[in-house]
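Chain by chain, the residues run as shown.
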Amino acid sequence: MQSLYEIETTVKRSAKAQGLSWGVSEEVGKAIRYLEQSNLVGLESFKRIIDIGLDNLTQLLVIDQKNNQNLCPIHFGLFFLDQSHKKNLHQKFYFDSLREPLIIIPFLSKAAKKNLIYFQLDSAEIKLSITPSDILSLSNNVIPHTISKFSISLTVERQTLYSTETWDSLYNLSLDTFVEESEEKKLSGAGAGLTDND
């Protein structure tokens, strides 16, 4: 078994041999390492992209480009890594097809953490959610080699996954830890005391 370092270095050099810049190649190496470290088939996915040929895939260069079929996952991931901090991108976008969607996960995960945003990818084949705290949610255990007619949403808003009743109940329970304010309580050490210097 190859070490994660060997995987990252080999992928980086392979990407450079395919004509990518050293900077992009380094990002690809890190992305595939991330996938392999997460027990996902990153090397196999990357090899399929190399077999297709990077020149045969469409680069995502601007969000509203006309040709968004057969998108390259490397350039798709890099686009959102580089651009997702822009508020005009915090909405839903639609695309025709993306090859090897597994490869976009490390890029979107890094972008989510860096920019404190949430990604939601929806297609008939898979649903994927990525949060700033490295939590990943997949709708099924197999990631297809290609997805079609998919959307991706970016938002800074966290979804509320609990009911109002749950929040109210827990908040009321937390009130039991509060101490009523009085001079006597302050002198005995409850609360901020007589001097509140923070």
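Above: the structure in question.
Report on the accompanying structure. (Residues numbered from 1 in each chain as written. Predicted model: local features only at pLDDT ≥ 70, side-chain atom pairs only at ≥ 80, totals over all residues. Heavy atoms only, no water.)

## A short note on the sheet that holds strand β3 (residues 127-130)
1) Next: Taken in spatial order, the five strands line up as β1-β5-β2-β3-β4 in an open sheet, and their pairing is antiparallel. Of all the strands in the sheet, just β1 (92-99) and β4 (136-138) have a single pairing partner and so form its edges. Going from strand to strand, the sheet's axes swing by 20 degrees on average, the running direction of each strand aside.
2) Next: As paired elements, β1 and strand β5 (residues 146-155) share seven bridges and run antiparallel to each other. (Pairing = 2+ DSSP bridges. Helix = DSSP H or I, 4+ residues; strand = E, 2+ residues; numbered from the N terminus. Axes fitted to C-alpha atoms, helices over the stretch in contact; angles between N-to-C directions.)

## Some thoughts on the side chain of T131
1) Next: By the secondary structure assignment, T131 is in the loop between β3 and β4.
2) Next: The class for T131 is buried, based on a relative accessible area of 18%.
3) Next: Here the side chain of T131 touches S133 through a polar contact of 3.1 Å, side chain to side chain.
4) Next: Here T131 is in contact with A112, I117 and Y118, once residues within four sequence places are set aside. (Buried < 20%, exposed > 50% of the residue type's maximum accessible area, 1.4 Å probe, protein only. Polar contact = N/O pair within 3.5 Å; in protein donor to acceptor, adjacent residues only side chain to side chain. Contact = heavy atoms within 4.5 Å.)

## Some words on the pairing of β5
1) Next: With five bridges connecting them, strand β2 (residues 118-122) and β5 associate as antiparallel partners. Of the residues in β5, the one forming a bridge with Q120 is S153.

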